[in-house]
Amino acid sequence: MVIGDGILTPAISVFSAVSGLELSMSKEHHKYVEVPVACIILIGLFALQHYGTHRVGFLFAPVVLVWLLCISAIGLYNITHWNPHVYQALSPYYMYKFFRKTQRGGWMSLGGILLCITGSEAMFADLGHFSQLSIKIAFTFLVYPSLILAYMGQAAYLSQHHIIESDYRIGFYVSVPEKLRWPVLVIAILAAVVGSQAIITGTFSIIKQCSSLGCFPRVKIIHTSSKIHGQIYIPEINWLLMVLCLAVTVGFRDTRRMGNASGLAVITVMLVTTCLMSLVIVLCWQKSVFLAIGFVFFFGTIEALYFTASLTKFLEGAWVPIALAFIFLIIMCVWHYGTLKKYEFDVQNKVSINWLLSLGPSLGIVRVRGIGLVHTELVSGIPAIFSHFVTNLPAFHQVLVFLCIKSVPVPHVKPEERFLIGHIGPREYRLYRCIVRYGYRDVHKDDMEFEKDLVCSIAEFIQSESVAPGSVNEDLVKDDDKMTVVGTCSSHTEGVQMREDDADKIEAAGPSELKEIWSPPPVIKLRKRVRFIVPKSPEIDTGAREELQELMEAREAGIAYILGHSYVKAKQGSSLIKKLVINYGYEFLRRNSRLSTYALSVPHASTLEVGMIYHV
């Protein structure tokens with residue numbers, strides 16, 4: 001419903017603001033101007049999203065401040081000019097009197113009143129930009145008084161003009177003094193754009209969280225701020241929202257039906273939030289269950305009245321948010337179900353360490369020269385794609401690295417904390433696990449720089465294990481793998497370093513200054529080659545020296561990237577619904593979503609994709 005609200009709120013906000021042209025133009029011209037102007041403004045709004053809130057945010061506060069002061073000043077003018085006694089409407093007695101007199105008609109009118117509180121449910125999106133205290137102060141001392149004065153002013157005007165012999169539908173602009181209508185129209189359009197920004201950002205936040213939980217197809221998430229984590233931009237969702245906003249605007253062309261649709265989306269979000277808030281009271285705040293029940297009963301009863309009133313407008317536009325929510329719900333359920341089944345298959349078919357140890361140092365296959373980087377999403381164990389590969393082609397590289405790339409919720413990861421490296425099995429197997437951690441604002445290096453950092457960090461890990469085992473920072477993960485935090489080449493001031501030199505410059509450094517391990521002379525003399533430079537103070541044992549020698553020889557031979565490409569199919573004997581969901585629904589979403597390794601620059605010339613069918 002929040003995603004649906006992200007479609008409806010910009011449409012109704014901009015369209016209702018532009019509808020003020022109705023009072024300044026003839027009806028013949030107005031109907032040809034209103035929709036095109038609203039569409040142009042919406043296109044501009046979504047086209048500016050990629051700049052990020054922090055780039056255009058400096059305009060938000062002045063625009064909203066001017067808008068609130070404007071409507072409160074107009075409200076004060078209408079109160080003093082038309083009906084100073086309208087302040088009595090603040091008393092709840094008149095609400096009771098209204099319902100007692102109108103009964104069913106009053107209850108049905110609640111669906112239209114919802115537009116007065118539209119936007120309050122999107123305040124959570126502002127938490128990505130401001131603190132709780134600033135939002136409370138702004139709402140209590142500025143937003144709420146301005147809205148009360150504005151609505152009281154409109155009520156004062158309507159109390160004297162409740163019989164208007166015209167075709168005008170826009171109540172707000174009718175109550176604005178005629179000389180101020182054009183300036184107010186401009187400010188209203190700007191305020192509608194700013195107000196739409198919050199719910200668009202909220203939609204991005206919801207989709208990002210769903211994607212992190214495996215409940216939404218992977219999309220490209222761009223963090224537009226290095227200081228505030230909540231400021232993000234999702235290109236695919238942005239353009240999808242724009243197309244749907246334009247479709248709603250062109251399809252309805254009526255603020256009343258748009259209001260019915262937006263009202264149902266808003267009250268559904270608020271009702272669900274109230275129910276979930278009861279869980280927060282009990283589980284997070286550790287309060288009494290009776291307090292949670294009382295909270296839901298008090299607020300839920302009020303919101304249920306609004307919700308049922310909105311449902312009566314189902315055929316008059318309220319069906320739109322339900323249809324949108326249903327479509328997005330199906331997409332999320334299909335993706336989550338397929339992802340869950342794929343993960344279960346990975347866990348069940350994960351190669352055990354015992355199986356690997358039983359193969360011996362050669363793994364029972366031919367070990368060819370070079371380094372093989374096997375991309376996997378598993379942080380422990382060996383993926384099934386590896387056993388599938390060696391079963392069908394019993395040959396692999398002399399050095400094998402299982403590479404897992406993880407994004408962490410911090411702007412930048414320090415270079416000295418970039419890599420988490422460990423052995424898989426005994427040292428002579430030459431198997432390593434490497435977890436690479438990136439912050440959401442880190443720039444991924446190209447393949448040459450990444451390979452250099454990776455090989456250098458593995459060499460540093462080998463040297464650190466040899467010199468002082470157990471003295472490094474270690475984290476235990478599953479399968480009893482010991483992982484060591486190792487930095488990039490630039491962070492190694494005293495440890496192993498890597499340098500690439502021309503063949504004719506190799507002998508520049510003498511053995512008295514550095515202890516060097518280098519490979520045999522290459523065939524082509526001017527070819528670049530790798531040198532690991534180790535300080536003479538640490539004592540490196542023979543096993544570590546041989547391991548470094550083999551790592552360097554493998555690096556000279558080249559690095560191959562092995563990517564798993566899984567196809568998920570339903571097992572034989574599965575139900576028809578499962579076959580439709582897995583074979584068609586999930587497969588379609590998987591083909592049109594981002595790969596898990598899209599952020600890494602992988603050279604196509606040295607990439608090998610291994611296909612495997614998952615029968616789930």
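About the criteria used
Within each chain, residues carry numbers counting from 1 in the order of the written sequence. Only residues with pLDDT of at least 70 are given local features in this predicted model, and only at 80 or more are side-chain atom pairs given and counted; all residues enter the totals for whole chains, interfaces and linings. Excluding hydrogens and water, the side-chain values take into account all heavy atoms of the structure. Under the DSSP-based scheme used, a helix requires at least four consecutive residues in state H or I and a strand at least two consecutive residues in state E, with every element numbered from the N terminus. We call two residues contacting when some pair of their heavy atoms lies within 4.5 Å. The method behind every accessible area is Shrake-Rupley, applied with a 1.4 Å probe, and residues are considered shielded solely by the protein chains displayed. Counted as salt bridges are all cases of a side-chain nitrogen of Lys or Arg within 4 Å of a carboxyl oxygen of Asp or Glu. Relative accessibility decides the category of a residue: with a 1.4 Å probe and only protein chains considered, values under 20% of the type maximum give buried, values over 50% give exposed, and everything between is partly exposed. Throughout, the bend at a residue refers to the angle made by two axes, fitted to the seven residues ending there and to the seven starting there. Only protein atoms enter the calculation, which uses a 1 Å grid: trapped sets of points that fit a 1.4 Å probe without letting it out are cavities, open sets showing protein on both sides within 12 Å along at least five of seven lines are pockets, and any residue with an atom within 4 Å of a point is a lining residue. Grid points are joined across faces, edges and corners, and a volume is the space filled by probe spheres set on the points. Gly falls in the polar group here, along with every residue not listed as nonpolar (Ala, Val, Leu, Ile, Met, Phe, Trp, Tyr, Cys, Pro) or charged (Asp, Glu, Lys, Arg). Only buried residues count toward a nonpolar core. Its members are Ala, Val, Leu, Ile, Met, Phe, Trp, Tyr and Cys residues joined through side-chain atoms within 4.5 Å. A patch consists of residues whose relative accessible area exceeds 30% and which take part in no salt bridge; residues with like charges are grouped when within 9 Å of each other, and nonpolar side chains (Val, Leu, Ile, Met, Phe, Trp, Tyr) when within 5 Å. Lines fitted to C-alpha atoms define the axes, with helix axes restricted to the stretch in contact, and inter-axis angles between N-to-C directions lie between 0 and 180 degrees. Angles are sorted into four bins: roughly parallel if under 35 degrees, roughly antiparallel if over 145, roughly perpendicular if 65 to 115, and oblique for all others. Strand pairing is defined by DSSP finding a minimum of two bridges between the two strands. Only Phe, Tyr and Trp rings take part, Trp by its six-membered ring, and two of them pair if their centres are within 6.5 Å. Stacked means planes under 30 degrees apart, edge-to-face means over 60, and tilted covers everything else.

**Q** Could you give an account of the overall build of the protein, with specific residues and numbers?
**A** Counting its regular elements, the protein contains 19 helices and 13 strands. Relative to all contacts within the protein whose residues are 6 or more apart in sequence, the contacts with residues 24 or more apart total 79%. Only carbon and sulfur atoms are counted for the fraction: they give 64% of the accessible area of the protein, which is about 32100 Å².

**Q** Please provide a residue-by-residue account of the pattern of salt bridges, values included.
**A** Under the counting rule described, the total for this entry stands at eight salt bridges. When the shortest N-O distance is used, the salt bridge between Arg256 and Glu316 registers 3.1 Å. Of this pair, Arg256 sits in helix H12 (residues 255–284) while Glu316 sits in the loop between helix H13 (289–311) and helix H14 (319–348), and the two are 60 residues apart along the sequence. Given a relative accessible area of 34%, Glu316 falls into the partly exposed group. As a salt-bridge pair, Arg591 and Glu587 come within 3.3 Å of each other at their nearest N and O atoms.

**Q** Go over H13, please, and point to the residues and values.
**A** Gly300 marks where H13 bends most, by close to 35°. Buried within H13 are the following residues: Ala292, Gly300, Glu303, Ala309 and Ser310. Lining the buried residues of H13 we find helix H6 (104–113) and H12.

**Q** Any details on empty space enclosed by the protein? Residues and values, ideally.
**A** According to the stated counting rule, one finds two cavities of 30 Å³ or more in the structure shown. There is about 40 Å³ of room inside the second largest cavity. Going through the elements one at a time, helix H4 (60–82) and helix H8 (132–160) are the ones with two or more residues in the lining of the second largest cavity. No other element matches H4, which puts four residues into the lining of the second largest cavity. A class-by-class count of the residues in the lining of the second largest cavity yields four nonpolar, five polar and no charged.

**Q** Provide a residue-level description of the environment of Leu551, including the pertinent values.
**A** Turning to its location among the elements, Leu551 is positioned in helix H18 (residues 542–557). Classification of Leu551 as buried rests on a relative accessible area of 1%.

**Q** Describe the nonpolar core, listing the residues and the values that go with them.
**A** By size, the foremost hydrophobic cluster in this structure holds 57 residues, and its most contacted members are Tyr173, Phe204 and Phe216. Sorting elements by how many residues they give to this core places helix H10 (residues 181–212) first, with ten residues. Once you skip the residues sitting within four places of it in the chain, Phe204 turns out to touch Gln49, Ile232, Tyr233, Ile234, Ile237, Asn238 and Leu241. Core analysis: the next-biggest nonpolar cluster, separate from the first, contains 29 residues, Val351, Phe386, Ile582 and Tyr614 among them.

**Q** Before we move on, could you go through a nonpolar patch on the surface and cite the residues and values that matter?
**A** On the surface, a cluster of nonpolar side chains totalling about 490 Å² of accessible area is made up of Leu311, Phe314, Leu315, Trp319 and Ile322. Among the residues examined, Leu311 registers a relative accessible area of 36% and is labelled partly exposed.

**Q** Residue-level account of the packing of H12 against H13, with values.
**A** Look at H12 against H13: their axes get within 9 Å of each other, and the N-to-C directions meet at 170°. Here H13 runs roughly antiparallel to H12, going by the angle between their axes. Residues belonging to the contact of H12 with H13 are distributed by class as follows: 17 nonpolar, six polar and one charged.

**Q** Before we move on, can you summarise the pairing of strand E3 (residues 366–375) with the specific residues and values?
**A** Here E3 pairs with strand E4 (residues 395–408) via eight bridges, running parallel. Looking at E4, one finds that Gly372 is bridged to Leu400. Strand direction decides the pairing type here: E3 and strand E12 (residues 559–569), joined by four bridges, are parallel. Counted as the bridge partner of Ile371 is Ile559 from E12.

**Q** Tell me about unusual backbone geometry, residues and numbers included.
**A** In this structure, Arg253 takes a positive phi of about 55° despite not being glycine. Secondary-structure assignment places Arg253 in the loop between helix H11 (235–252) and H12. Even without glycine at this site, Gln286 takes up a positive phi of about 55°. Relative to the helices and strands, Gln286 is located in the loop between H12 and H13. For Gln286, a relative accessible area of 62% translates into the label exposed.

**Q** Give me the lowdown on the environment of Asn238, citing residues and values where you can.
**A** With respect to the element layout, Asn238 can be found in helix H11. C-alpha separation for the pair Asn238 and Phe46, spaced 192 residues apart in sequence, amounts to 6.6 Å. Beyond its immediate stretch of four places on either side in the chain, Asn238 contacts Phe46, Gln49, Phe204 and Tyr233.

**Q** Before we move on, could you go through H6 and cite the residues and values that matter?
**A** Of the residues making up H6, those classed as buried are Gly106, Leu110 and Gly111. In this structure, the buried residues of H6 make contact with helix H5 (92–102) and H13.

**Q** For the packing of aromatic side chains, give the residues involved together with the corresponding values.
**A** Two measures describe an aromatic ring pair: the distance that separates the ring centres and the angle between the ring planes. Taken as a whole and assessed by the stated rule, the structure comprises ten aromatic pairs. Relative to Tyr94, the ring of Tyr93 lies with its centre 5.7 Å away and its plane at 70°, an arrangement referred to as edge-to-face. For Tyr93, a relative accessible area of 44% puts it in the partly exposed group. Considering the side-chain rings of Phe295 and Phe299, the 4.9 Å spacing of their centres and the 45° angle between planes classify their relative orientation as tilted. One end of the pair, Phe295, and the other, Phe299, are both in helix H13, four residues apart, so they sit about a helical turn from each other. The exposure class of Phe299 is partly exposed, given its relative accessible area of 37%. Taken together through their ring pairs, the aromatic side chains of Phe295, Phe298 and Phe299 make up a single cluster.

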